[in-house]
Amino acid sequence: MMNYFLLCLFVLLLIGTEAQPQLASSPANAVVVLKKTKEQLDRLSVVRYRQTRETKYYGDNYYSLFAADMFIERIKNSPIGLRLQASEGNSLFIYDGQRTMRLKKDAMTIDSATVRTAKQLEGNSYLSHSLANLRYFLPLVMEDDSTQKSMSDTLIGGESFYCVKMERSHRYYDGFYAMDPFDVANLRRPYFLVINKKTFLPYLFITKYIRGNDDRDFIKITFDQINTAPVLPAESTWAYATYADSYQPFKPAEKKPLVQAGTFIGDFTLPDYRPAVIDSVSLHQYAGKVVLLDFWFKSCGPCMTAMPHYNALQNKYGKDGFQLLTINIEDGEGDMKFFYNKYQPSYKMLFKGNVLFEKLGLSACPSSVLLDRTGRVTEVFKGFDEQLIEKKIAALVNL
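Because the structure is predicted, anything quoted here is derived from the model rather than measured.

**Student:** Explanation requested: the overall build of the chain in the structure shown.
**Tutor:** Each helix and strand counted, the chain has 9 helices and 23 strands in total. The principal-axis extent of the C-alpha atoms belonging to the chain is close to 70 × 60 × 35 Å. A total of 399 residues make up the chain; the buried ones form 50% of that total. Residue pairs at least 24 apart in sequence account for 61% of intrachain contacts in the chain once pairs closer than 6 positions are excluded. When the accessible surface of the chain is summed, it comes to about 19300 Å², and 51% of that surface belongs to carbon and sulfur atoms. For the chain, the distance from the average position of its 48 positive side-chain charges to the average position of its 43 negative side-chain charges is 2 Å.

This is how it looks when you write it as structure tokens:
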């Protein structure tokens, strides 16, 4: 129990306010508090509030912070039972219960899509961990005996709050309806819900990523300026026709066709990060070698999963005429320094590769292009399948 108090204290210190664990409570009482919070959320037919999401992954040198003014209204005839408007800087996101609209006020563009299922909204950055989404999360926790639940009192700015911890081994909350499994060794995903004692409404929702003894990574959502009886937006603000005359339909940049096996990509030169000096590397320097071009960026989770395996590939096949060139498409020199120090690469770590990425017609990371000894494309990989990629490399170096 003392370990839980210390962790709750550490989590709340992340928000930069005074927090002191005061009083332990039984798992049964934690469920009672969660039930009252769920009941309060169910009573909200409309709500307006400020939502701030902060994300920090220390091991990947990643930090993100964004805030939006949210309006949510319960309605029928919607896959998730609501409609919402979220305003963030020059962006306005609208979901009217049937379709989404993304308006960019600086570019004066509007992007619209029909929504038929809840699954289409699971990855939405405004709905994720929102007050609306908590209505789906809490019953999963309350009704699951395998989810450990505990509670303490905590002080924030001199005011007392409940702090409920919820955790199920190797499970995480995914979307609206599921606690899905994950099989990452030595990873824990506890959740913390900080609840206002007067209103029983959430104030903070925090998920921690604990890898072994490293518990620094987190996502923290703050709900403040909550108004449960707000002025309603004009009904016209939900209609596409209201914006059609002023906003032009969004048109994504035309993509080049995906590079095909049997073709040559041509030479290129990119900066190569090394601690002492930023040098440059050109593809023609590796004429006669088997080359894998692997594209990545730091906020790409699958890219971060792949990176620990790169040295093994280079070290295993380098003596046989293989060269791995990892190519970052969006991060700067500071990030290159971080990842160089972390992985001490035996391969080349290139950056500023966005133009090459687009030229090859690639659309997601990690993606990689395998070249034979003549420089001809033999394979294009979407994602990082280590066994498949190694099999293809081995076949080429042994020709």
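Next comes the rest of the account.
**Student:** Looking at this model, I keep getting lost on the packing of aromatic side chains. Mind explaining?
**Tutor:** Each aromatic ring pair is summarised here by two numbers: the centre-to-centre distance and the angle between the ring planes. One pass over the full model with this rule turns up 21 aromatic pairs. Where tyrosine 49 meets phenylalanine 223, the ring centres are 5.9 Å apart and the plane angle is 65°; that geometry is what we call edge-to-face. Taken as a pair, tyrosine 49 in strand E2 (residues 46–57) and phenylalanine 223 in strand E15 (residues 214–227) lie far apart in primary sequence, 174 residues in all. Side by side, tyrosine 49 and phenylalanine 223 carry an identical accessibility label, which is buried. Between tyrosine 310 and phenylalanine 384 the ring centres are 5.6 Å apart and the planes differ by 85°, which places this aromatic pair in the edge-to-face class. Here the residue tyrosine 310 occupies a position in helix H6 (residues 310–317), and phenylalanine 384 occupies one in the loop between strand E23 (377–382) and helix H9 (386–397), the gap between them amounting to 74 residues. The exposure class of tyrosine 310 is buried, given its relative accessible area of 1%. One aromatic cluster is present, formed by Phe137, Tyr173, Tyr191 and Phe205 through successive ring pairs.

**Student:** So what exactly am I meant to see when it comes to the environment of glutamine 225 here?
**Tutor:** For glutamine 225, the location among the structural elements is in strand E15. Spatially, the C-alpha atoms of glutamine 225 and aspartate 335 are 36 Å apart, while their sequence positions differ by 110 residues. Those residues in contact with glutamine 225, other than ones at most four positions away along the chain, are Arg48, Tyr49 and Arg50.

Cut-off values and rules
- Residues numbered from 1 in each chain as written.
- Predicted model: local features only at pLDDT ≥ 70, side-chain atom pairs only at ≥ 80, totals over all residues.
- Heavy atoms only, no water.
- Helix = DSSP H or I, 4+ residues; strand = E, 2+ residues; numbered from the N terminus.
- Buried < 20%, exposed > 50% of the residue type's maximum accessible area, 1.4 Å probe, protein only.
- Contact = heavy atoms within 4.5 Å.
- Areas by Shrake-Rupley, 256 points an atom, 1.4 Å probe, with all protein chains shown as cover.
- Lys, Arg positive; Asp, Glu negative; His and termini not counted.
- Charge placed at Lys NZ, Arg CZ, Asp CG, Glu CD.
- Phe/Tyr/Trp six-rings, centres within 6.5 Å; stacked < 30°, edge-to-face > 60°.

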